[in-house]
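# Fold and geometry: a report
So you can see what is in the structure, the chains are spelled out below.
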Amino acid sequence: MFSLLASLLLLLSISPSAAENVTVSVYYETLCPYCADFIVNHLVKLFQNGLISIVNLRMIPWGNALIQSNGNFECQHGPDECLLNTIDACTIAVYPDVVKHFNFIYCVEHLTLQGKQAEWMNCFGTARLSKVPINCYKNGYGKQLEKYYATETDQLNPPHSFVPWVVVNNQPLQEDFMNFASYVCKAYRGTKLPQACRSLLKSENLPKNSDSTNSVCYAASVFAWIVSWLLN
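Structure report, in brief. It should be emphasised that the depicted structure is a prediction, and the values quoted were computed from it without experimental measurement. (Residues numbered from 1 in each chain as written. Predicted model: local features only at pLDDT ≥ 70, side-chain atom pairs only at ≥ 80, totals over all residues. Heavy atoms only, no water.)

This paragraph deals with the overall build of the protein chain. Each helix and strand in the protein chain was counted, giving 12 helices and eight strands. Expressed as a percentage of the 232 residues in the protein chain, the buried residues total 45%. Considering only residue pairs separated by 6 or more positions, the protein chain has 73% of its internal contacts joining residues 24 or more positions apart. Summed over all atoms, the accessible surface of the protein chain reaches about 12,200 Å², with 55% contributed by carbon and sulfur. (Helix = DSSP H or I, 4+ residues; strand = E, 2+ residues; numbered from the N terminus. Buried < 20%, exposed > 50% of the residue type's maximum accessible area, 1.4 Å probe, protein only. Contact = heavy atoms within 4.5 Å. Areas by Shrake-Rupley, 256 points an atom, 1.4 Å probe, with all protein chains shown as cover.)

Two cysteines form a disulfide when their sulfur atoms are joined by a covalent bond. As enumerated under the stated definition, the model contains five disulfides in all. A disulfide bridge connects Cys 32 with Cys 217, and the sulfur atoms are separated by 2.2 Å. For the disulfide bridge between Cys 32 and Cys 217, the dihedral angle about the S-S bond is near 100°, and by the sign convention the bridge is right-handed. With Cys 32 in the loop between strand E1 (22–28) and helix H3 (33–43) and Cys 217 in strand E8 (residues 217–218), this pair connects stretches of sequence that are 185 residues apart. (Disulfide = S-S within 2.5 Å.)

This part is about the side chain of Asn 85. Mapping Asn 85 onto the fold places it in helix H5 (residues 79–94). Given a relative accessible area of 0%, Asn 85 falls into the buried group. A distance of 3.0 Å separates a polar atom in the side chain of Asn 85 from a polar atom in the side chain of Thr 30. Apart from residues lying up to four places away in sequence, Asn 85 is in contact with Glu 29, Thr 30, Pro 61, Trp 62, Cys 75 and Glu 146. (Polar contact = N/O pair within 3.5 Å; in protein donor to acceptor, adjacent residues only side chain to side chain.)

With that out of the way, let us pick up the packing of H5 against helix H6 (residues 98–113). Relative orientation of the contacting elements H5 and H6 amounts to 160°, with a least axis distance of 9 Å. What the angle tells us is that H5 and H6 run roughly antiparallel. Considering the relative orientation of H5 and H6, their crossing is right-handed. Where H5 abuts H6, its residues Leu 84, Ile 87, Asp 88, Thr 91 and Ile 92 lie against His 101, Phe 104, Ile 105, Val 108 and Glu 109. When grouped by side-chain class, the residues that make up the contact of H5 with H6 number six nonpolar, two polar and two charged. (Axes fitted to C-alpha atoms, helices over the stretch in contact; angles between N-to-C directions. Parallel < 35°, antiparallel > 145°, perpendicular 65-115°, else oblique. Left-handed = near helix turned anticlockwise from the far one by under 90°. Nonpolar A, V, L, I, M, F, W, Y, C, P; charged D, E, K, R; others polar.)

As a further point, take the sheet that holds strand E2 (residues 55–61). With mixed pairing, the four strands of this open sheet are ordered in space as E2-E1-E6-E7. Taken across any chain shown, the strands that pair with only one partner, and hence form the sheet edges, are E2 and strand E7 (171–172). Docked against the sheet, H5 engages E1 and E2, running at close to 145° with respect to E2. Packing of helix H9 (residues 141–154) onto the sheet brings it into contact with E1 and E2, and relative to E2 it is tilted by some 105°. (Pairing = 2+ DSSP bridges.)

Next up on the list: unusual backbone geometry. In the segment running from Asn 157 into Pro 158, the intervening peptide bond is cis, with an omega of 0°. Tracing the sequence through the fold places Pro 158 in the loop between H9 and strand E5 (162–163). Located in the positive-phi region is Gln 174, a residue other than glycine, with phi close to 50°. Structurally, the position occupied by Gln 174 is in the loop between E7 and helix H10 (180–187). In this structure Gln 174 comes out as partly exposed when scored by relative accessible area, which is 31%.

So, in structure tokens, the structure goes:
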């Protein structure tokens, strides 16, 4: 019921200009170092160069996690990742404004890059948010949110093979995710083209980043991790 109401409110709040925006969906997991690098050093540029004005940014904190037969979550980087994925999901729900919840996510991922993810609670203060999302985690609503994200991630077509997995207007960028800004600019059909797009659109062909294929957390490795865990 809550999710239906939230969806209706979101639809009612979308302005005509926002309806023209390009939807960027980022499927990630909180303790994948490559997801952290992408969010902290690349995705953040949406907010620095004005591209966020034409983007509906969606953050989906599930990644390569799995739901066991007993309903518990198994995350690629352990229980701490399951905790932080759920805290992110709760923060997104409590603070749907993209600037607010992205600031929190950015802070957590910055700590991850520093190996200080245990200090994640400080990010509420850094992002100037209350700690209400912790209640969401404790009362079990966060788990329901994560199940929703798990279903969405599992329904990706083609299935995601690694994270970060970036989709622009239903187009999965796969190995070329580092060039998401070029895809955003090419997909935009509105009249308020940001200055940042003009230089990107001068080239007829999208630039390729050959290094991106090595900068991911592969989904296949989670299965190897589970097999190893079962055998030990």
